[in-house]
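Observations on the three-dimensional arrangement
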Amino acid sequence: MTAQPGMSASLPPDRAASGAAKLVVPCLIGALVALTLGIYGRLHSPTGIAINIAGFSSPGSVKSWLATGATVLALVQVASALVMYGKVPRVSAPSWIGGLHRWSGRLAFLLAVPVAIHCLYALGFQHYSTRVLIHSVFGCLFFGAFTVKMLILPKRGLPGWVLPVVGALVFTALVVIWFTSAYWFFSTFGIKR
Amino acid sequence: MKRNTPLITLLTGAALGVVLLIASMLSTPSKAPAGYTATATPTAAATAPSTPAPASTVPSSAPPTPTTTAYASAPAQANYAGKVQGGGASVAISIHGSQAIAYVCNGSAVEAWLKGTAADGKVVMTGKNHARLTVAYGSGQVTGDVVAHDTHYSFAVNTVNKPSGLYEATAVVRGATIKAGWIVLPDGTQVGSLESDANSAAPSAIAAPVLDVATGTATFDGVVLHAISVSGLSGSGF
């Protein structure tokens, strides 16, 4: 992920390109992010441990609650986006809706990062069951898709469907991740701290 | 300036990730305990004897990519027990000639009994619920990986002597076979789980009642369970 500053510096020459062509470089960078996470998760030998957070019974429950927080914020993301796009009947977008959308998104992302680091460092990319394989794949895809979303946000002249579609991809990936981890954790071990 | 805020978000997340990764690396103890031979011998090629798969739609589990290291010499008989990395569960392994029995348990729902055939200081064991354990063992220590109830643990634990080690108890309570397992550690602490229908293809477990190590008994639901030691040294429990 640290490769982005250098990469984004090469973006301006694309400005003349057509709307859809502006997606190419962000998508390539996003794919690179997803691949990097997957390859690191596969090659790095899982340690089984990482930093725990006080007040929780296990790293699993810490991650489950952080992931749940991120998923709830993602629901806020979808709701605020629908309002911004005027898709909710009889609700006109209040002035603060953009701020709500931005800050809930930032917070969701920052909640997801520690979870991903624990996954990558302690557990790695695994495939010993269908749930774990799906979780590993979508975990990598989520951060790739999020990178794409962030990189195309400042671009002007994109087709109108691009942001909603990419946003929906990010949201879908997060929900899949949540169902294959936190939902599984809580339904297996009970809802506990 | 406002146009760069998404990039700032990305970079903040990336920086947070890097900081956490470095902190994790700093807090991880060295994975090379004394007595290791340095040559890493991946056991990915280990042809595991597969158990009769319990009826389930989930595909058979692949080994959890063990980073098992070969030991210079392997004892014919040994008992190992200790906590897994991170301390979330305990594991006990008993070797008796070519037979190996293992139990991994978090004192609650995550637990598995495993069996396998030991050879050349290595053994791959399998159990119900797709449990799988891969280890290399030497005089004094065993290292490996185990997956039980979809939970993966790595471990490096040492030999233990009575009264520490692995205990099991079975009983028939109201028509159902229950099976309890306890791992007693050298510091006297124990973790145990109890399968309330041990003959099921996919048993589920709850916390076991406390085992009185001195008498070898525990009381569950008004029934006294008599535990036996699973020991590779004496062969009891094999």
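Sequence order as written defines residue numbering, which begins from 1 separately in each chain. Whichever chain is written first is A, and whichever ligand is written first is 1; the rest continue in order. Only residues with pLDDT of 70 or above have their local features reported here, since the model is predicted, and side-chain atom pairs are shown and tallied only from 80 upward, although totals for entire chains, interfaces and linings are computed over all residues.

Notes on the overall build of chain B
Counted only if it meets this: Numbering goes from the N terminus for both helices and strands, where a helix is a DSSP run of H or I of at least four residues and a strand is a run of E of at least two. Exposed residues have 12 or fewer other C-beta atoms within 10 Å of their own C-beta, buried residues have 20 or more, and partly exposed residues fall in between, where C-beta atoms are placed from the backbone. Once C-beta atoms are placed from the backbone, any two residues with those atoms within 7 Å are in contact.
A tally of helices and strands in chain B yields one helix and 15 strands. Counting the 238 residues in chain B, one finds 43% classified as buried. For chain B, contacts bridging at least 24 residues in sequence account for 53% of all contacts bridging at least 6.

What to know about the sheet that holds strand β6 (residues 132-137) of chain B
Residue and element names in this part refer to chain B. The following threshold applies: A pair of strands is considered paired only if DSSP assigns at least 2 bridges between the two. Lines fitted to C-alpha atoms define the axes, with helix axes restricted to the stretch in contact, and inter-axis angles between N-to-C directions lie between 0 and 180 degrees.
If you walk around this closed barrel you meet the eight strands as β1-β2-β3-β4-β5-β6-β7-β8, and the pairing is antiparallel. Looking at each pair of strands side by side, their axes are set apart by 20 degrees on average, direction ignored. Both strand β1 (residues 77-83) and strand β2 (residues 90-96) contribute to a ladder of seven bridges, which runs antiparallel. Looking at β2, one finds that Q77 is bridged to H96.

Remarks on the confidence of the model for chain A
Residue and element names in this part refer to chain A. Put simply, the rule reads: What pLDDT expresses is the predictor's confidence in each residue, scored from 0 to 100.
On average, residues of chain A score 84 in pLDDT, and 82% of them reach the 70 mark or higher. By mean pLDDT, the top-scoring element of chain A is helix α6 (residues 162-179) (95), and the lowest-scoring one is helix α1 (residues 4-8) (42). Counting interchain partners and residues more than four positions distant, the pLDDT-below-50 stretch residues 1-16 has 15 contacts.

Considerations on the sheet that holds strand β9 (residues 165-173) of chain B
Pairing between sheet strands relies on hydrogen bonds along the backbone, with the strands arranged either parallel or antiparallel. Residues and elements named next belong to chain B. In spatial order, the strands read β12-β11-β10-β9-β15; together these five strands make up an open sheet with antiparallel pairing. Two strands lie at the open edges of the sheet, namely β12 (205-207) and β15 (228-230), each paired on one side alone. Neighbour-to-neighbour, the strand axes of the sheet open up by a mean angle of 30 degrees, direction not taken into account. The sheet contact formed by β9 and β15 spans three bridges and is antiparallel. Opposite Y167, over in β15, you have S229 as the bridge partner.

Regarding the packing of helix α5 (residues 130-152) of chain A against α6 of chain A
Residues and elements named next belong to chain A. What counts here: Note on terminology: angles under 35 degrees are roughly parallel, angles over 145 are roughly antiparallel, angles of 65 to 115 are roughly perpendicular, and the others are oblique. With the far helix as reference, a near helix turned anticlockwise by less than a right angle produces a left-handed crossing, and one turned clockwise produces a right-handed crossing. Under the scheme applied here, ten amino acids are nonpolar (Ala, Val, Leu, Ile, Met, Phe, Trp, Tyr, Cys and Pro), four are charged (Asp, Glu, Lys and Arg), and all others, including Gly, are polar.
The N-to-C vectors of α5 and α6 enclose an angle of 155 degrees; their axes lie 8 Å apart at closest approach. Judged by the inter-axis angle, α5 sits roughly antiparallel to α6. Our pair here, α5 against α6, has a crossing hand that is left-handed. Within the contact between the two elements, α5 uses I134, H135, F138, G139, L141, F142, A145, F146, V148, K149 and I152 and α6 uses V162, V166, G167, L169, V170, A173, L174, V176 and I177. Looking at the contact of α5 with α6 residue by residue, the class counts come to 16 nonpolar, three polar and one charged.

Section: the nonpolar core
Residue and element names in this part refer to chain B. Our working rule: In this description, a nonpolar core means buried residues of the types Ala, Val, Leu, Ile, Met, Phe, Trp, Tyr and Cys, linked to one another by C-beta atoms lying within 7 Å. The domain limits used here are those given by an automatic or database domain assignment.
Ranked by internal contacts, the top residues of the largest apolar core, which has 54 residues, are Y80, V91, A92, I93, A102, V104 and I183. The element best represented in this core is strand β3 (residues 99-105), accounting for six residues. Each of two domains, domain 1 (77-159) and domain 2 (165-230), supplies a minimum of three residues to this core. Setting aside residues up to four positions removed in sequence, A102 forms contacts with V91, A92, I93, L114, M125 and L133.

Quick notes on α5 of chain A
Operational definition: By this rule the span expected of a helix is its residue count minus one, scaled by 1.5 Å.
With 23 residues, α5 of chain A should reach 33 Å at 1.5 Å per residue; the first-to-last C-alpha distance of 33 Å fits that figure. Most of α5 of chain A is tucked away: 17 of the 23 residues are buried.

Re the pairing of β9 of chain B
Residues and elements named next belong to chain B. As defined by bridge partners, β9 adjoins strand β10 (residues 176-184) across nine bridges and the pair is classed as antiparallel. From the neighbouring strand, A171 faces β10, where its bridge partner is I178. Here β9 folds back onto β10, and the loop between the two strands holds two residues, one of which, R174, carries a positive phi near 50 degrees.

Overview of the confidence of the model for chain B
Low-confidence regions, as indicated by low pLDDT, have predicted coordinates that should not be scrutinised in detail. Residues and elements named next belong to chain B. Confidence in the prediction for chain B averages 80 pLDDT; 80% of positions are at 70 or higher. Overall, residues 30-68 carries pLDDT values under 50, and its contacts beyond four positions in sequence, including any with other chains, amount to 67 contacts. At the level of chain-chain contacts, confidence expressed as ipTM amounts to 0.80, with global pTM at 0.54.

Things to note about the environment of N79 of chain B
Note on placement: N79 of chain B falls in strand β1. When the C-alpha atoms of N79 of chain B and A92 of chain B are compared, they prove to be 7.4 Å apart, with 13 residues separating the residues in sequence.

Some points on the environment of W182 of chain B
Residue and element names in this part refer to chain B. Within the element layout of this structure, W182 appears in strand β10. Considering only alpha carbons, one finds W182 and Y167, 15 residues apart in sequence, at a separation of 5.1 Å. Apart from residues lying up to four places away in sequence, W182 is in contact with Y167, Q190, G192, A208, L211 and A227.

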